[in-house]
Amino acid sequence: MEFRSKHRIPILSWINPYNEAAICRCAQPLPGVTRHRCAEDEKLIKEIMRANQNNISLVIIDARPKTNAVGNQVMGKGFESGEFYVNCNIQFMGIENIHVVRESFFRLRDLIQKKEGNWLSGLENTGWLKHIQSIMGACCRIVDFIDQKAISVLVHCSDGWDRTSQLTSLSQLLLDPYYRTIEGYQVLIEKEWLHAGHMFSTRSGHIGKRGTTIDEQWSPIFLQFIDATYQILQQYPTSFEFNEDFLIFILDGVYGCRYGNFLFDCEKERQNHQISRLTPSIWVAILNEKEKFLNRSFEQNNRVLIPCPRMRALKLWTKYYLRYDVSMFDWS
């Protein structure tokens, strides 16, 4: 366990029932500049490959830019070596870290508040949609490996609870129609975000204040996931049981702290504070008002979704980001 950052060893997220290709997730290995090895970790990776009878190779999806992964070696971390992990193809997705994403969101916020200069060029300069594009592009590659090539993938970033959750959850959304239902999407968030240890309290700014060190860890990682879901929903408007109001309600639940589901940074903390007993659940609230979250155009679609990740296919989610902009309303 000590060979993976935060002791987050490879675990199974999803398996394709038709070709046995699996999505697994973990944190980065800790080889450092000395190229330290771990026989147990290498054996575990081999067993993941052996579990897929249709393909003996494995693709390791490293969500980070390669320069960042190489730089982490100086701190005793790093990435897998193709020399030691035989039949493994390591691919870097180039998705930026929490700090770059935070600054991009701040630029988007300032653009919306100030409305100065050219709107379209200003939106491009925020880099927000570029980050969404990177995430969606990586997910399309994962889907291709799983669905078309029958190759299992192992996904990780640095600690395995931010970009990793984005990629594993969105890939399953594209691959499995169950997760495109209201119930399935709830299950997806529970298993790939809440139970997988995404630090909701820290990343959402539930504690601390401006100027304190907690701000350095605030980043809209979960918002990116929901935004990417919205982009896919726009491209496949009849393939989802839920509408965009459902997504907005979830985000309001995260940042409003009305429900206990997204409080604290891990499941152990929520259990220690008896969150399930002392606070209401957002999922119960959604089920009680399910009708208003239903997509009236929904048609059951069991096909794998392949969204276009190109910039021309993406758009700013105006109903969420501009919903308090009075100029968006028709007062006549």
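Going by the structure above, here's the rest.
Residues numbered from 1 in each chain as written. Predicted model: local features only at pLDDT ≥ 70, side-chain atom pairs only at ≥ 80, totals over all residues. Heavy atoms only, no water.

Would you take a moment to explain the pairing of strand β2 (residues 22–25) for this structure?
In regular strands, side chains alternate between the two faces of the sheet. Judged by which residues are buried, β2 turns out to be covered on both faces: A22 and C24 on one side and I23 and R25 on the other are all buried. Bridge count for strand β1 (residues 11–15) against β2 is 4 bridges, and the pairing is antiparallel. Note on β2: the bridge partner recorded for L12 is C24. Between the end of β1 and the start of β2, which pair antiparallel, lie 6 residues, with E20 showing a positive phi angle near 70°. Pairing between β2 and strand β5 (residues 152–156): 3 bridges, direction parallel. Within the sheet, the bridge partner assigned to R25 lies in β5 and is V155. (Buried < 20%, exposed > 50% of the residue type's maximum accessible area, 1.4 Å probe, protein only. Helix = DSSP H or I, 4+ residues; strand = E, 2+ residues; numbered from the N terminus. Pairing = 2+ DSSP bridges.)

Which parts of the structure should I look at to understand helix α4 (residues 119–126)?
Counting along an α-helix, one turn takes 3.6 residues, and residues three or four places apart therefore face a common direction. Those residues of α4 not exposed but buried are G122, L123 and T126. Viewed along the axis of α4, the buried residues span an arc of 100°, placing them on a single side of the element. Those residues of α4 that are exposed and angled more than 90 degrees off the buried face are L120, E124 and N125. Backbone geometry just downstream of α4 places G127 in the positive-phi region, at approximately 75°. (Arc of directions from axis to C-beta.)

Quick question: what am I supposed to make of the pattern of salt bridges here?
It is possible for side chains of opposite charge to pair when their charged atoms get near one another. Applying the stated criterion across every chain yields a total of 17 salt bridges. Between R102 and E103 there is a salt bridge whose closest N-O contact spans 3.9 Å. When its relative accessible area of 39% is taken as the criterion, E103 is described as partly exposed. Taking the shortest distance from any N to any O, the salt bridge between R323 and D252 comes out at 2.6 Å. Placement of the pair is R323 in the segment after α14 (318–321) and D252 in helix α10 (residues 244–256), with a sequence separation of 71 residues. (Salt bridge = Lys/Arg side-chain N within 4 Å of Asp/Glu carboxyl O.)

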